[in-house]
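Working through the structure, step by step
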Amino acid sequence: MRKVLIKEATLDDSKDLWRWRNDEATRAMSISTHSVAWDSHSSWFEKSLLNPNRFLYVGWLEADQTKVGMCRYDVDVDKKVAEVSINLNPALRGLGLSSALLSDSMKAFFAERSVDLVATIKKENLASIKCFVKSGFELDSEDEVYQYYVFRLER
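Residues numbered from 1 in each chain as written. Predicted model: local features only at pLDDT ≥ 70, side-chain atom pairs only at ≥ 80, totals over all residues. Heavy atoms only, no water.

Some details on the nonpolar core
V68, Y73, L102, F109, L117, F132 and F137 are the most contacted members of the largest nonpolar core, which has 29 residues in total. Elements represented by at least two residues in this core include exactly strand 2 (54-61), strand 3 (67-76), strand 4 (81-88), helix 4 (98-110), strand 5 (116-122), helix 5 (126-134) and strand 7 (146-151). Counting residues per element, this core draws most heavily on helix 4, which supplies five residues. Not counting the four nearest positions on each side in its chain, L102 is found in contact with C71, Y73, V84, I86, C131, F132, S135 and F137. With seven residues, the next largest nonpolar core counts A9, L17, W20 and F45 among its residues. (Core = buried A, V, L, I, M, F, W, Y, C linked by side-chain atoms within 4.5 Å. Buried < 20%, exposed > 50% of the residue type's maximum accessible area, 1.4 Å probe, protein only. Helix = DSSP H or I, 4+ residues; strand = E, 2+ residues; numbered from the N terminus. Contact = heavy atoms within 4.5 Å.)

Structure below.
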(Lines give C-alpha, C1' and ligand atoms only; values in the text may rest on other atoms or scores of the structure.)
Protein backbone atom coordinates (compact mmCIF):
# COMPACT_ATOMS: atom_id res chain seq x y z
CA MET A 1 0.00 0.00 0.00
CA ARG A 2 1.24 3.44 -0.85
CA LYS A 3 2.05 5.76 2.04
CA VAL A 4 -0.23 8.80 2.50
CA LEU A 5 1.28 11.76 4.32
CA ILE A 6 -0.87 14.43 5.99
CA LYS A 7 -0.28 18.16 6.30
CA GLU A 8 -2.41 21.12 7.29
CA ALA A 9 -3.93 22.82 4.25
CA THR A 10 -2.42 26.11 3.06
CA LEU A 11 -3.46 28.72 0.50
CA ASP A 12 -1.46 26.72 -2.06
CA ASP A 13 -4.08 23.94 -1.77
CA SER A 14 -7.08 26.15 -2.50
CA LYS A 15 -7.31 25.60 -6.28
CA ASP A 16 -7.03 21.82 -5.95
CA LEU A 17 -9.77 21.65 -3.30
CA TRP A 18 -11.98 23.89 -5.45
CA ARG A 19 -11.50 21.65 -8.51
CA TRP A 20 -12.17 18.50 -6.47
CA ARG A 21 -15.29 20.06 -4.91
CA ASN A 22 -16.72 20.89 -8.32
CA ASP A 23 -16.12 17.41 -9.74
CA GLU A 24 -19.44 15.97 -10.93
CA ALA A 25 -19.20 12.75 -8.88
CA THR A 26 -18.14 14.70 -5.77
CA ARG A 27 -21.09 17.04 -6.12
CA ALA A 28 -23.50 14.13 -6.56
CA MET A 29 -22.40 12.61 -3.24
CA SER A 30 -22.16 15.90 -1.33
CA ILE A 31 -24.88 17.24 0.94
CA SER A 32 -24.74 20.45 -1.09
CA THR A 33 -24.73 19.43 -4.76
CA HIS A 34 -24.34 22.82 -6.44
CA SER A 35 -21.10 23.90 -8.10
CA VAL A 36 -19.08 26.51 -6.23
CA ALA A 37 -17.75 29.65 -7.92
CA TRP A 38 -14.04 30.38 -7.49
CA ASP A 39 -14.66 33.67 -5.66
CA SER A 40 -16.98 32.00 -3.14
CA HIS A 41 -14.58 29.12 -2.60
CA SER A 42 -11.56 31.39 -2.26
CA SER A 43 -13.28 33.52 0.39
CA TRP A 44 -14.51 30.42 2.25
CA PHE A 45 -11.08 28.81 2.10
CA GLU A 46 -9.23 31.86 3.44
CA LYS A 47 -11.74 32.18 6.32
CA SER A 48 -11.46 28.44 6.97
CA LEU A 49 -7.70 28.65 7.43
CA LEU A 50 -8.24 31.33 10.09
CA ASN A 51 -11.10 29.56 11.87
CA PRO A 52 -9.79 28.00 15.13
CA ASN A 53 -12.60 25.42 15.06
CA ARG A 54 -12.01 24.21 11.50
CA PHE A 55 -9.16 21.87 10.67
CA LEU A 56 -8.29 21.23 7.02
CA TYR A 57 -5.82 18.52 6.13
CA VAL A 58 -4.44 17.51 2.76
CA GLY A 59 -2.98 14.08 2.09
CA TRP A 60 -0.42 13.28 -0.55
CA LEU A 61 1.50 10.28 -1.75
CA GLU A 62 4.96 10.08 -0.26
CA ALA A 63 6.41 8.53 -3.42
CA ASP A 64 5.55 11.25 -5.93
CA GLN A 65 3.94 14.08 -3.92
CA THR A 66 0.58 13.67 -5.70
CA LYS A 67 -2.26 15.16 -3.64
CA VAL A 68 -4.67 12.42 -2.58
CA GLY A 69 -7.49 14.49 -1.11
CA MET A 70 -8.59 16.51 1.87
CA CYS A 71 -10.33 15.99 5.19
CA ARG A 72 -12.17 18.75 7.03
CA TYR A 73 -13.04 18.75 10.73
CA ASP A 74 -15.57 21.30 11.96
CA VAL A 75 -15.56 21.42 15.75
CA ASP A 76 -18.77 22.23 17.62
CA VAL A 77 -17.29 23.43 20.89
CA ASP A 78 -20.61 23.28 22.77
CA LYS A 79 -21.37 19.70 21.75
CA LYS A 80 -17.73 18.61 22.01
CA VAL A 81 -17.87 16.91 18.63
CA ALA A 82 -16.37 17.46 15.18
CA GLU A 83 -18.15 16.90 11.87
CA VAL A 84 -15.83 15.16 9.41
CA SER A 85 -15.89 15.56 5.65
CA ILE A 86 -13.61 13.90 3.11
CA ASN A 87 -13.01 14.61 -0.58
CA LEU A 88 -10.68 12.50 -2.69
CA ASN A 89 -8.78 13.76 -5.70
CA PRO A 90 -11.03 12.47 -8.54
CA ALA A 91 -7.98 11.18 -10.45
CA LEU A 92 -7.17 8.81 -7.56
CA ARG A 93 -10.56 7.27 -6.86
CA GLY A 94 -10.75 3.51 -6.71
CA LEU A 95 -7.15 3.04 -5.56
CA GLY A 96 -7.94 2.31 -1.90
CA LEU A 97 -6.44 5.57 -0.61
CA SER A 98 -9.47 7.11 1.12
CA SER A 99 -9.22 5.05 4.33
CA ALA A 100 -5.54 5.91 4.75
CA LEU A 101 -6.31 9.57 4.10
CA LEU A 102 -9.13 9.58 6.67
CA SER A 103 -7.32 7.51 9.33
CA ASP A 104 -4.09 9.49 9.07
CA SER A 105 -5.91 12.82 9.13
CA MET A 106 -7.75 11.64 12.25
CA LYS A 107 -4.37 11.11 13.95
CA ALA A 108 -3.34 14.65 13.00
CA PHE A 109 -6.67 16.04 14.24
CA PHE A 110 -6.51 14.13 17.54
CA ALA A 111 -3.09 15.70 18.17
CA GLU A 112 -4.98 19.03 18.19
CA ARG A 113 -8.35 18.14 19.75
CA SER A 114 -9.93 15.31 21.73
CA VAL A 115 -13.59 15.16 20.72
CA ASP A 116 -15.84 12.53 19.22
CA LEU A 117 -16.32 12.63 15.45
CA VAL A 118 -19.51 12.50 13.40
CA ALA A 119 -20.12 12.12 9.68
CA THR A 120 -23.21 12.46 7.50
CA ILE A 121 -23.08 10.25 4.41
CA LYS A 122 -25.62 9.70 1.65
CA LYS A 123 -26.87 6.11 1.76
CA GLU A 124 -25.92 5.66 -1.90
CA ASN A 125 -22.30 6.68 -1.24
CA LEU A 126 -21.06 3.16 -0.58
CA ALA A 127 -17.38 4.09 -1.05
CA SER A 128 -17.54 6.70 1.72
CA ILE A 129 -19.49 4.40 4.01
CA LYS A 130 -16.84 1.69 3.53
CA CYS A 131 -14.05 4.24 4.13
CA PHE A 132 -15.54 5.56 7.38
CA VAL A 133 -16.40 2.10 8.75
CA LYS A 134 -12.86 0.88 7.95
CA SER A 135 -11.55 3.90 9.88
CA GLY A 136 -13.52 2.95 13.01
CA PHE A 137 -16.80 4.86 12.58
CA GLU A 138 -20.04 3.15 13.59
CA LEU A 139 -23.54 3.70 12.24
CA ASP A 140 -25.45 5.81 14.76
CA SER A 141 -28.75 6.49 12.94
CA GLU A 142 -30.25 7.03 9.52
CA ASP A 143 -33.13 8.65 7.69
CA GLU A 144 -34.46 8.33 4.14
CA VAL A 145 -31.37 9.92 2.52
CA TYR A 146 -28.47 9.87 4.99
CA GLN A 147 -26.65 7.62 7.37
CA TYR A 148 -25.08 9.24 10.44
CA TYR A 149 -21.82 7.79 11.70
CA VAL A 150 -19.91 8.38 14.93
CA PHE A 151 -16.37 7.74 16.10
CA ARG A 152 -16.24 7.77 19.90
CA LEU A 153 -12.93 8.31 21.65
CA GLU A 154 -14.15 6.42 24.70
CA ARG A 155 -14.85 2.86 23.61
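Still more to cover.
Describing the packing of aromatic side chains
Evaluated as defined, the whole model comprises ten aromatic pairs. On the basis of an interplanar angle of 85 degrees and a centroid distance of 5.2 Å, the ring pair of F55 and F109 is categorised as edge-to-face. Taken together, the residues span a long stretch of sequence, with F55 in strand 2 and F109 in helix 4 at a distance of 54 residues. According to the relative accessible area criterion, F55 is buried, its value standing at 11%. Taking the relative accessible area as the measure of exposure, F109 reaches 0% and is therefore buried. For the pair F132 and F137, a centre-to-centre distance of 4.9 Å together with 75 degrees between the ring planes defines the contact as edge-to-face. Look at F137 and you get buried, because its relative accessible area is 2%. Put simply, the rings of F55, Y57, Y73, F109, F110, F132, F137 and F151 touch in pairs and so form one group of aromatic residues. (Phe/Tyr/Trp six-rings, centres within 6.5 Å; stacked < 30°, edge-to-face > 60°.)

Notes on the sheet that holds strand 3
Spatially, seven strands are ordered 1-2-3-4-5-7-6 in an open sheet, and the strand pairing comes out mixed. Unpaired on one side and paired on the other, strand 1 (4-8) and strand 6 (138-142) mark the two borders of the sheet. Across the sheet, the mean angle separating the axes of adjacent strands is 30 degrees when strand polarity is ignored. Both strand 3 and strand 4 contribute to a ladder of eight bridges, which runs antiparallel. Looking at the pairing, R72 lines up with S85 of strand 4. Of the strands in this sheet, strand 2, strand 3 and strand 4 touch helix 1 (residues 14-21), which is tilted by about 90 degrees from strand 3. (Pairing = 2+ DSSP bridges. Axes fitted to C-alpha atoms, helices over the stretch in contact; angles between N-to-C directions.)

Details of the pairing of strand 3
Of all the ten residues making up strand 3, eight are buried; the element is thus mostly covered by neighbouring parts of the structure. The pairing of strand 2 with strand 3 spans seven bridges and is antiparallel. In the sheet register, L56 faces strand 3, and the bridge partner there is R72. Counting the residues that bridge the hairpin from strand 2 to strand 3 gives five residues, and of these Q65 lies at a positive phi of roughly 65 degrees.

Some words on the environment of K122
Mapped onto the elements, K122 comes out in strand 5. For K122, a relative accessible area of 11% corresponds to the buried category. Separated by 24 residues in sequence, K122 and Y146 place their C-alpha atoms 4.4 Å apart. Each residue touching K122, except ones within four places of it in the same chain, is listed here: A28, M29, S30, T33, I129, V145 and Y146.

Let's talk about helix 1
For helix 1, the complete set of buried residues consists of S14, D16, L17, W20 and R21. Down the axis of helix 1, the buried side of the element spans an arc of 165 degrees, and every buried residue falls inside it. Among the structural elements, helix 2 (24-29), helix 3 (38-50), strand 2, strand 3 and strand 4 are those in contact with the buried residues of helix 1. (Arc of directions from axis to C-beta.)

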